[in-house]
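# Topology and contacts: notes
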Amino acid sequence: MRIANLTGRLALITDDQERAVDVEEASGGRFGADPQAVYERWAEFRAWADTAELPAGQPFEAADLGSPVPAPRQLFAIGLNYRDHASESGFEAPEGLPPVFTKFAASISGPVTEVSLPARGHSDWEVELVAVIGARAERVAEANAWSHVAGLTVGQDISERVSQLAGPVPQFSLGKSFPGFTPIGPWLVTPDEFSNPDDLELTCSINGEEVQKGRTRDLIFSIPTLIAKLSAVLPLLPGDVIFTGTPAGVGLGRDPQRWLAPGDVLVSSIESIGTLRQTFTG
């Protein structure tokens, strides 16, 4: 099942990914139009959606899609979660607890957007698999973690490195939270749609040139491990978002370093989910 945010309204995407069904209309008002609110009733919603006789739906434009999780109460972003990325960043691979920061919710956008680059700075790219929580998770064992996941989607952790690395201590969260720096989408895909949700290919290109390629099987901390470790510290709430980390190939790790520029088109894809497309302006 794929759920989406279409012009601010909760929608189900048909199997051919070409039509959308408005959930409030199809459910006779049982479920509201707010895309974020559905996670509070996720089990009930899944039970309805899995058995409902749905209409054919209407065609839609990708540019009309918003983030399938537009207003999470908590957004966790995991750093250095691929060994090759940790190496290119000049760090040892983490052990024990993963590095955790946040991206502030005001930076969240949909899958097809224009993003204004900060006037002074070095803006970078980081394609990531994103997990969304569908049931409260508190002190959850790894073996049970997938039962707390509503679904997976694609995220871009766009990062302004000057702000991020400014002293006396790094400002990870602020440097990664400029307007439009957190595109998510194009929709949420439930775990049952994947043959193996722990092994997905993710890629990123700039102006058609591939700059990142990896597989989520190479995560140091898998999604179940992340849920177990995070929920041991604090509750994960329905609709919370976890950015799971990025593989090697970011601009910071290149020689010479490379940054996003006005006119660049950034395309981020994960197999069996979909694609984000960001066009940058000055």
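All of the points below concern the structure found in this document. (Residues numbered from 1 in each chain as written. Predicted model: local features only at pLDDT ≥ 70, side-chain atom pairs only at ≥ 80, totals over all residues. Heavy atoms only, no water.)

## Some words on the pairing of strand β14 (residues 182–189)
As a general feature of sheets, a regular strand has side chains that alternate between the two faces. Burial analysis of β14 places 8 of its 8 residues in the buried class, the great majority of the element. Both strand β1 (residues 2–6) and β14 contribute to a ladder of 2 bridges, which runs antiparallel. Within the sheet, the bridge partner assigned to Arg2 lies in β14 and is Val189. In the sheet, strand β8 (residues 108–109) pairs with β14 via 2 bridges, with the strands oriented parallel. (Buried < 20%, exposed > 50% of the residue type's maximum accessible area, 1.4 Å probe, protein only. Helix = DSSP H or I, 4+ residues; strand = E, 2+ residues; numbered from the N terminus. Pairing = 2+ DSSP bridges.)

## Concerning the sheet that holds strand β19 (residues 274–281)
Strands sit in the order β9-β19-β18-β15-β16 across an open sheet of 5 strands; the sheet is mixed. The strands lining the two open edges of the sheet, one partner per strand, are β9 (112–116) and β16 (209–215). Strand-to-strand twist across the sheet, computed as the mean angle between neighbouring axes with direction ignored, equals 15°. Two elements, β9 and β19, share 5 bridges in a ladder whose sense is parallel. Directly across from Ser116, in β19, lies its bridge partner Thr281. (Axes fitted to C-alpha atoms, helices over the stretch in contact; angles between N-to-C directions.)

## Things to note about the pattern of salt bridges
Here the structure, examined in full by the defined rule, presents 19 salt bridges. For Arg9, the salt bridge goes to Glu24, with nearest N and O atoms at 2.7 Å. With Arg9 in strand β2 (residues 9–13) and Glu24 in helix α1 (residues 23–26), this pair connects stretches of sequence that are 15 residues apart. Relative accessible area serves as the criterion here: at 27%, Arg9 is assigned to the partly exposed category. Linking Arg41 and Glu44 is a salt bridge whose minimum nitrogen-to-oxygen distance equals 2.9 Å. Relative accessible area serves as the criterion here: at 32%, Glu44 is assigned to the partly exposed category. Taken together, the shared-partner salt bridges in this structure form one network comprising Lys103, Asp124, Glu126, Asp157, Arg161 and Lys176. (Salt bridge = Lys/Arg side-chain N within 4 Å of Asp/Glu carboxyl O.)

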